[in-house]
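Okay, here's what each chain looks like letter by letter:
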There are 2 protein chains.
Amino acid sequence: MISEKMKDLVSKSSVIRAMFEEGKQMAKIYGKENVYDFSLGNPSVAPPETVKEAIKDILDNEEPTFVHGYTSNSGYEDVLQFVAEKLNQKFGTDFTPQCIAMTNGAAGGINVIFKVLLNPGDEVIAFAPFFGEYRNYAVNYDANLVVVDPDFEKMQINFKDFESKITHKTKAVIINSPNNPSGVIYSEETLNTVAEILYKKQKEFGTSIYLVSDEPYRELAYDGAVVPYVTKFYKNAIVGYSFSKTLSLPGERIGYIAVSPEADSFEEIMAGVSVATRILGFVNAPSLFQRVVLKCFDEKSDLDVYDRNRKYLYNMLTSLGFECIYPQGAFYLFPKTPIADDAKFCNDAKEFRILMVPGSAFGCPGYARLAYCVSFDTIKNSEESFRKLAKKYGMIK
Amino acid sequence: MISEKMKDLVSKSSVIRAMFEEGKQMAKIYGKENVYDFSLGNPSVAPPETVKEAIKDILDNEEPTFVHGYTSNSGYEDVLQFVAEKLNQKFGTDFTPQCIAMTNGAAGGINVIFKVLLNPGDEVIAFAPFFGEYRNYAVNYDANLVVVDPDFEKMQINFKDFESKITHKTKAVIINSPNNPSGVIYSEETLNTVAEILYKKQKEFGTSIYLVSDEPYRELAYDGAVVPYVTKFYKNAIVGYSFSKTLSLPGERIGYIAVSPEADSFEEIMAGVSVATRILGFVNAPSLFQRVVLKCFDEKSDLDVYDRNRKYLYNMLTSLGFECIYPQGAFYLFPKTPIADDAKFCNDAKEFRILMVPGSAFGCPGYARLAYCVSFDTIKNSEESFRKLAKKYGMIK
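These numbers were taken from a predicted model, which means no experiment stands behind them.

A. Expanded view of the sheet that holds strand β9 (residues 332-333) of chain A. Residues and elements named next belong to chain A. On the basis of which strands lie adjacent, the open sheet formed by three strands has the order β9-β12-β11 and antiparallel pairing. Both outer strands of the open sheet, β9 and β11 (357-358), are each paired with one neighbouring strand and no more. Sheet topology note: the β11/strand β12 (residues 368-371) ladder contains two bridges and is antiparallel. Paired with Pro358 across the bridge in β12 is Ala368.

Below, the structure is given as structure tokens:
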């Protein structure tokens, strides 16, 4: 009796649900500390103490019907102004408050942007490996996700395949850097080439192609790595940001969209963003946490914890013979699986109480994703299990 | 360059936006206290003090990665359990935690339910007068809203028209009681007849027709009026609740869906709710406020304030000759306009610095909606303006 689309989605997602349930089951049998669950991208570090102080300060000193009341669909005026100014200071951009809309995390923001841009049958391009939800977000608005083959060497972008897949129906291209699942940061060179190709194709087809940058991991860049800001490379650029990882607030659903003031149809887009936010049922981004943004924009959780995990897990896996790009950001490792069948490999790993997600879920078979936003002990204690797994595949003796 | 659907939506919503801007302009010219703005349903009463205390208590005593972390798509397990128990105590229902999903307010909840239920071309029935957003929520999923003519006498339901409009394509019927904009509460008799008709039509067409009850105003019932609970009248019933008005937290986006355990395809629906919550970009209802629900479920803002406003404004308007049903709930009055052209009437009212919304926006021309969630002074001070308006139409001398 549920809709045809949902039937399909439910049957697909029950595979992930089955894995989740299996993990819970394993934890019951072996004890939580004896299961090495690298399957979930849920921040393991507490929010900075300033978030708590900010909330208390707001509750004690601001007018409650204002703090908890409906805001404009795009957000509080002072918050929009503040975010625009902060971004301009940080990235040398030219955002006005009219360029910004506060959103229900990046997932909400991307849904809003897709709702605004996409006609049925339009195409959205994603680069493998990519966050699997992008397909659902595009299909929500009856658009099709077109996947560009991976650049296996550097996990940057396979430009040849990209160029060949742009058509007159291409309405948006979505990137995610630092990347989930590879941990790679797209370089300035990569973004320059993306922009070049898009400008050329826009001219060829007489269309506007929007580059949507999904940036929940922007602040998770290690060794001083710089994450280039997309509006500086391309005019039709839209950033979807989330405070989920930087401030460890994924459950609070707070983020923003920043649309380049130079984007084609800028005013139509922003009017659409406001309407889409309303009618999709978001209405406004959670109001208290909009005000928290005013006080905690520059704060960060203790991201060094992830850096330590990254180095340790990378060294451990590579010393066991796993091939893996050294990730510059986010909190994921994306090793090659020793057999082509990544689903089988991840299934075999369960024998040693290791949970990870097959690369196929990210449009990249032959790989597996490990989320290292776990306790350091989980990583250390998993070594023996990984050793057994490597032995099973003859990678070590 | 934005989608065709959005172009249409933006052009329509710019009418409301124009009104909103005009109101702001009027406030600048005449002073805010001299503009009688009855156009917005934004609670004017502060949340109960216990909300603030609950938040502080949670921040001080619960684990922050738990409080602010991702929850299951349907919500924290303990919150689902608690809500089910509370509803069972209050309404004698048989909800299990599996019947409940925490949502981004009622607007988010209804979008989730519509996403789960509706195939393109399906029909959703609403009863005029109705909250205009229902049309957008249905169209989001390519369904059509079918509007049943008003019952002008009592603003209950025009059953004859209702019955004639149910077809094999009818997938859902949406009701809203206490009603926005009429303030009427649907009686037990009304719900019994709705159920009778739906059971008959389900049998006739061999379909399942879901009755979705949008209940943000449930607790705003005056003079001891009882709001009947819909799952007791009909098996295929789904309640969409919001704490927006009861706790004065509309900006925080917190509510729940409760699906009758007897509903057809119950398990499929609940699996769909979880998936839809995720892929629409809600991911989970804001986590901190889910935990606030655990502590404040039985709390209420000072709703007597609205009751006082209701009586005063009703008496004022009727003594000036306006015809109006005495509202039993919500915070709206819905008088008949003295001329058939409700848009013209609302426009004329601006001359006297009164802002209200034409009934046409609720599928009920010839009426106007006044939201009395304003300060008592605004109501008192508006009397002179309403007197002039009544004089203009020859209602008084």
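B. A look at the relation of the copies chain B and chain A. In screw terms, the move from chain B to chain A is a rotation of 180 degrees and a rise of 0.0 Å along the axis, fitting with an RMSD of 0.0 Å. A rotation of that kind, with that shift, is consistent with a two-fold axis. Interface overlap between copies: 100% of the residues of chain B at the interface are likewise at the interface in chain A, consistent with a symmetric, same-surface contact.

C. Main features of the nonpolar core. Membership of the largest hydrophobic core comes to 253 residues, with the highest contact counts inside it found for Ile257(A), Tyr372(A) and Tyr372(B). Not counting residues up to four positions away in its chain, the partners in contact with Tyr372(B) are Phe38(B), Tyr306(B), Asn309(B), Arg310(B), Leu313(B), Phe331(B), Leu333(B) and Ile379(B).

D. View of the sheet that holds strand β5 (residues 170-176) of chain A. Residues and elements named next belong to chain A. Strand order in the open sheet formed by seven strands is β2-β8-β7-β6-β5-β3-β4, with mixed pairing between adjacent strands. Strand pairing shows two members of the sheet lacking a second neighbour, β2 (100-103) and β4 (144-148), which therefore form its edges. For this sheet the average axis-to-axis angle between neighbouring strands, irrespective of direction, equals 20 degrees. With four bridges connecting them, strand β3 (residues 123-127) and β5 associate as parallel partners. The residue of β5 that forms the bridge with Glu123 is Thr170.

E. Broad picture of the packing of helix α2 (residues 49-61) of chain A against helix α10 (residues 287-296) of chain A. Residues and elements named next belong to chain A. Between α2 and α10, the least distance of the axes is 9 Å, while the angle of their chain directions is 120 degrees. Of the possible angle classes, the one that applies to α2 and α10 is oblique. In terms of crossing hand, the pair formed by α2 and α10 is right-handed. Touching Thr50, Val51, Ala54, Ile55 and Ile58 of α2 are Leu288, Arg291, Val292, Lys295 and Cys296, all from α10.

F. Highlighting the interface of chain B and chain A. With 62 residues of chain B in contact, the opposing surface of chain A contributes 62 residues. Those elements that place two or more of their residues in the side of chain B that touches chain A are α1 (4-30), α2 (49-61), α3 (64-67), α5 (105-117), α6 (133-140), α9 (266-279) and α10 (287-296) of chain B. Counting residues per element, the side of chain B that touches chain A draws most heavily on α5(B), which supplies eight residues.

G. Representation of the domain arrangement of chain A within the structure. Residues and elements named next belong to chain A. On domain assignment, one finds that chain A holds domain 1 (4-46 + 302-392) and domain 2 (49-296). In this structure, domain 1 and domain 2 have C-alpha centres spaced 27 Å apart. Across the contact, 25 residues belong to domain 1 and 25 residues belong to domain 2. Contributing elements (two or more residues each) for the side of domain 1 that touches domain 2: α11 (304-319) and β9. Broken down by element, the side of domain 1 that touches domain 2 gets its largest block of residues, three residues, from α11. Taken together, the residues that form the side of domain 1 that touches domain 2 break down as 16 nonpolar, six polar and three charged.

H. Seen up close, the pairing of β4(A). Residues and elements named next belong to chain A. Relative to β4, β3 is paired through five bridges, and the arrangement is parallel. Bridge pairing links Phe127 to Val148 in β4. At this point the chain moves from β3, through helix α6 (residues 133-140), to the parallel β4, and the crossover so formed is right-handed.

I. Layout of the environment of Gly363(A). All names here are of chain A. Relative to the elements of secondary structure, Gly363 occurs in the loop between β11 and β12. The spacing of Gly363 and Phe20 is 343 residues in sequence and 20 Å in space, taken between C-alpha atoms. Those residues in contact with Gly363, other than ones at most four positions away along the chain, are Ala128, Pro129, Phe130 and Val147.

J. The arrangement of unusual backbone geometry in detail. Residue and element names in this part refer to chain A. Cis geometry marks the peptide bond from Asn180 to Pro181; its omega dihedral reads 20 degrees. One non-glycine residue with positive phi stands out, namely Met155, at about 55 degrees. Mapped onto the secondary structure, Met155 falls in the loop between β4 and α7 (159-165).

Rules and cut-offs
- Residues numbered from 1 in each chain as written.
- Chains lettered and ligands numbered in written order.
- Predicted model: local features only at pLDDT ≥ 70, side-chain atom pairs only at ≥ 80, totals over all residues.
- Pairing = 2+ DSSP bridges.
- Helix = DSSP H or I, 4+ residues; strand = E, 2+ residues; numbered from the N terminus.
- Least-squares fit on C-alpha atoms with pLDDT ≥ 70 in both.
- Contact = placed C-beta atoms within 7 Å.
- Core = buried A, V, L, I, M, F, W, Y, C linked by C-beta atoms within 7 Å.
- Buried ≥ 20, exposed ≤ 12 C-beta atoms within 10 Å, placed from the backbone.
- Axes fitted to C-alpha atoms, helices over the stretch in contact; angles between N-to-C directions.
- Parallel < 35°, antiparallel > 145°, perpendicular 65-115°, else oblique.
- Left-handed = near helix turned anticlockwise from the far one by under 90°.
- Domains from an automatic or database assignment.
- Nonpolar A, V, L, I, M, F, W, Y, C, P; charged D, E, K, R; others polar.
- Right-handed = clockwise from strand over helix to strand, strands pointing away.

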